[in-house]
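Residue-level listing of the chains:
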Amino acid sequence: MSDCIFCKIANGEIPSATLYEDEQFRVILDLGPASKGHALILPKAHYGNLYEIDEETAASAMKLARKMAIAMTKALGCSGFNVVQNNGTSAGQTVFHFHIHLIPRYDNDNVGLSWKPGELTDEARDEIVTEVKKQL
Ligand code: AMP
Ligand code: ZN
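Only a predicted model underlies this, so the values are computations on that prediction, with no experimental measurement involved.

1. Some points on the coordination of the zinc ion (ligand 2)
Cys-4 (SG), Cys-7 (SG), His-46 (ND1) and His-97 (ND1) make up the full set of protein donors to the zinc ion (ligand 2), lying at 2.1 to 2.3 Å. Read in sequence order, the donor residues for the zinc ion (ligand 2) give the motif C-x2-C-x38-H-x50-H. Both residues of the pair, Cys-4 and Cys-7, count as buried.

Set out below in structure tokens:
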């Protein structure tokens, strides 16, 4: 993807504050951090989102998220950690190269990662369970 900024960052064509790099991934600091240490896991190969990434790379990315969370928590002294991954504009995705947000959390940090709980009706529950199971 010649015009993808995360392809260029992941492959070192554009410099970034890199926390970790291996053959498959680069982990960089987010330029607009939600909290101190907010980082992004970028695969070096281009996948638009979770729908496009292959199972093995997705599994490796989650293993790396765990490794980074442990190291970053020790380094930064955070008291919690969010792992966030957005897919599609409606879900807040703004850069269309798969990435995982690593967001260290601190007591009373006011990072706004929450939603207003709705209600699960019996009808909705039954329909959702039936329809999703059909697709698996
Ligand atoms: P998302 O909204 O899930 O697509 O996340 C995109 C993230 O990428 C945002 O948190 C941005 O702050 C971050 N971002 C965008 N451009 C850059 C860049 N050049 N370097 C580092 N982070 C970036
Ligand atoms: Zn890309």
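2. Here we look at the layout of surface pockets
As a volume, the largest pocket reaches approximately 190 Å³. Forming the walls of the largest pocket are 13 residues, and the residues nearest its centre are Phe-6, Ile-9, Ile-28, Leu-29 and Leu-31. At the level of elements, α1 (5-10) and β2 (25-29) are the ones that each hand at least two residues to the lining of the largest pocket. Top contributing element to the lining of the largest pocket by residue count: α1, with 3 residues. Partitioning the lining of the largest pocket into residue classes produces 10 nonpolar, 2 polar and 1 charged.

3. Focus on the sheet that holds strand β5 (residues 100-105)
Spatial ordering of the open sheet is given by β1-β2-β3-β5-β4, a layout of 5 strands whose pairing is antiparallel. A strand with exactly one partner marks an edge of an open sheet, and here the two such strands are β1 (18-21) and β4 (80-84). Sheet twist, expressed as the mean angle between neighbouring strand axes with direction ignored, is 15°. As paired elements, β2 and strand β3 (residues 39-43) share 5 bridges and run antiparallel to each other. Residue Phe-25 lies in a different strand from β3, and its bridge partner there is Pro-43.

4. Describing the site of ligand 1
Around ligand 1 lies a shell of 16 residues, among which Asp-30, Asn-86, Gly-92, Thr-94 and His-101 are the nearest. Here a nitrogen atom of ligand 1 and a backbone polar atom of Leu-31 are 3.2 Å apart. Asn-86 is positioned with one of its side-chain polar atoms (N or O) 2.9 Å from an oxygen atom of ligand 1. In the complex, 79% of the free accessible area of ligand 1, which totals 510 Å², lies under the protein chains. More than half of the atoms of ligand 1 fall within 2 Å of the grid points belonging to the largest pocket. Of all the secondary-structure elements, those providing two or more residues to the shell around ligand 1 are α1 and β2. Per-element accounting of the shell around ligand 1 gives the leading share, 3 residues, to α1.

Thresholds applied
Residues numbered from 1 in each chain as written. Chains lettered and ligands numbered in written order. Predicted model: local features only at pLDDT ≥ 70, side-chain atom pairs only at ≥ 80, totals over all residues. Heavy atoms only, no water. Donors = N, O, S within 2.8 Å, 3.2 Å for Na, K, Ca; no water. Buried < 20%, exposed > 50% of the residue type's maximum accessible area, 1.4 Å probe, protein only. 1 Å grid on protein atoms, 1.4 Å probe; cavity = no way out; pocket = protein on both sides within 12 Å on 5 of 7 lines; lining within 4 Å. Points joined across faces, edges and corners; volume = space filled by probe spheres on them. Helix = DSSP H or I, 4+ residues; strand = E, 2+ residues; numbered from the N terminus. Nonpolar A, V, L, I, M, F, W, Y, C, P; charged D, E, K, R; others polar. Pairing = 2+ DSSP bridges. Axes fitted to C-alpha atoms, helices over the stretch in contact; angles between N-to-C directions. Near = heavy atom within 4 Å. Polar contact = N/O pair within 3.5 Å; in protein donor to acceptor, adjacent residues only side chain to side chain. Areas by Shrake-Rupley, 256 points an atom, 1.4 Å probe, with all protein chains shown as cover. Sits in = over half its atoms within 2 Å of the grid points.

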